[in-house]
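The primary structure of each chain is shown beneath.
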Amino acid sequence: MLIIQHIITPVLPTMRKMSHPIIKDDEVDIVVAAIQPDLTSFLEEWRPIFSRFHLIVVKDPDLQREIKIPEGFNIDLYTNSDMDRVLGSTSILFTGYSCRYFGYLVSRKKYVVAVDDDCVPAKDGRDFLFDAVAQHIYNLRFPATPFFFNTLYDPFQKGADFVRGYPFSLRNGVKCALSSGLWLNLADYDAPTQALKPGERNARYVDAVLTVPLKAMMPLSGINVAFDREVIGSALFPGLRLVGEGKQRWETVEDIWCGMCAKVVCDHLGLGVKSGVPYVWRNDRGDAIDTLKKEWHGMKLMEEVVPFFQSVRLPRTAVAAEDCVLEIAAMVKETLGPKDPLFGQAADAMIEWVRLWKAVASVSPTPGA
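J.: In this structure, what is going on with the packing of helix α9 (residues 321–336) against helix α10 (residues 341–360)? I would like to understand it.
T.: The relative placement of two packed helices is expressed as an angle between their axes plus a distance between the axes. Where α9 contacts α10, the axes come no closer than 8 Å and their chain directions differ by 165°. As far as their axial angle goes, α10 and α9 are roughly antiparallel. As α9 packs across α10, the resulting crossing turns out to be left-handed. Mapping the contact onto sequence places E322, V325, L326, I328, A329, V332, K333 and L336 in α9 and F343, G344, A347, D348, M350, I351, V354, W357 and K358 in α10. Considering only residue class, the contact of α9 with α10 consists of 12 nonpolar, 1 polar and 4 charged.

J.: Would you mind going over the pattern of salt bridges with me for this structure?
T.: Should their charged atoms come close, side chains of opposite charge can pair. If you walk through the whole model with that rule in mind, you get 18 salt bridges. Salt-bridge contacts for E27 lead to R141; the nearest nitrogen and oxygen are separated by 2.4 Å. Here E27 is found in the segment before β1 (28–34), whereas its partner R141 is found in helix α4 (residues 132–141), with 114 residues between them in sequence. Classification of R141 by relative accessible area gives partly exposed; the value is 30%. Notably, a salt bridge pairs D188 with R282, separated by 3.7 Å at the nearest N-O pair. Of this pair, D188 sits in the loop between β6 (176–185) and α5 (191–196) while R282 sits in strand β9 (residues 272–282); the two residues are 94 residues apart in sequence, bridging distant segments of the chain.

J.: Hey, could you run me through unusual backbone geometry in this one?
T.: A negative phi angle characterises most non-glycine residues, just as the trans form characterises most peptide bonds. With omega at 20°, the peptide bond leading from V277 into P278 counts as cis. Topologically, P278 is positioned in strand β9. The phi dihedral of N185 is positive, around 80°, even though this residue is not glycine. Residue position: N185 is located in strand β6.

Calculation criteria
Residues numbered from 1 in each chain as written. Predicted model: local features only at pLDDT ≥ 70, side-chain atom pairs only at ≥ 80, totals over all residues. Heavy atoms only, no water. Axes fitted to C-alpha atoms, helices over the stretch in contact; angles between N-to-C directions. Helix = DSSP H or I, 4+ residues; strand = E, 2+ residues; numbered from the N terminus. Parallel < 35°, antiparallel > 145°, perpendicular 65-115°, else oblique. Left-handed = near helix turned anticlockwise from the far one by under 90°. Contact = heavy atoms within 4.5 Å. Nonpolar A, V, L, I, M, F, W, Y, C, P; charged D, E, K, R; others polar. Salt bridge = Lys/Arg side-chain N within 4 Å of Asp/Glu carboxyl O. Buried < 20%, exposed > 50% of the residue type's maximum accessible area, 1.4 Å probe, protein only.

Here it is, written out as structure tokens:
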């Protein structure tokens, strides 16, 4: 139950709104999971936005060809040999899209922005190039409002504010830890939906951000996401992995699983999650029909996963993200483990992830070091 406290000095957000915050170059890491060998066109498209920041490119260990990267970027490229050196012996497979999580481990920056290598910058409603990094950092720098829904979207965005009836005691909001961006062109449908609508594309640009309400679940996607690594990084991990998982988004559920875990952790720690802009443009890749069989098991598992996360209640002794992940892992093993062996494996991966998170903090993250 929310307790609305007596207000001595009303909060007037309109009076304290600012333009986009100044982004310090040394505060941000851009993480890219290299699933394809030639990143030239991808990085050239992003050059106007990415060139000022440090990039962490993680090569999929299953990728045999050398990675092609154009000049003019500040990039650390991590390969399978770097993973072996930094991680040592581990049961977690950092293959496919899961290799991006290695980038989360070795980052030393406050903010991490992750974009899939099949995405390019989108254009806004005025046909200008959308600076996805700036918008993500804006979302994270300004408060979230998970405890009371504002019907005019995010009140801290330009052109919006708190609506009539919004309690003044809640207008300060809470720290935003996670920003889930969107994409144009190929929508993030599951394989059956995409197979039934092969020609459907998302062309609608909605210039809006909203805070995901307290206790509401959401299917986070790693396609276009940013987070405050210092407070929530350890809750974003490769956990639930399907048997025979492939290289397409349709065939994976690891980001959905860790997103639900991260949302529960944010709710418990009093942190916020936002969804909306920034957009990226997502290019077509893969075939929904071919990948339908691989994803079907994961779709069935979600019917167990969502009710589970909706029921999770963490103890007050869990005061950091790592504590919360370990508590959730124990609940997964006890409640979901008997229903499918994949859940038991996911719980083990969560425990292993926390161990790695703590261990890698003391290891040199530089490639080839």
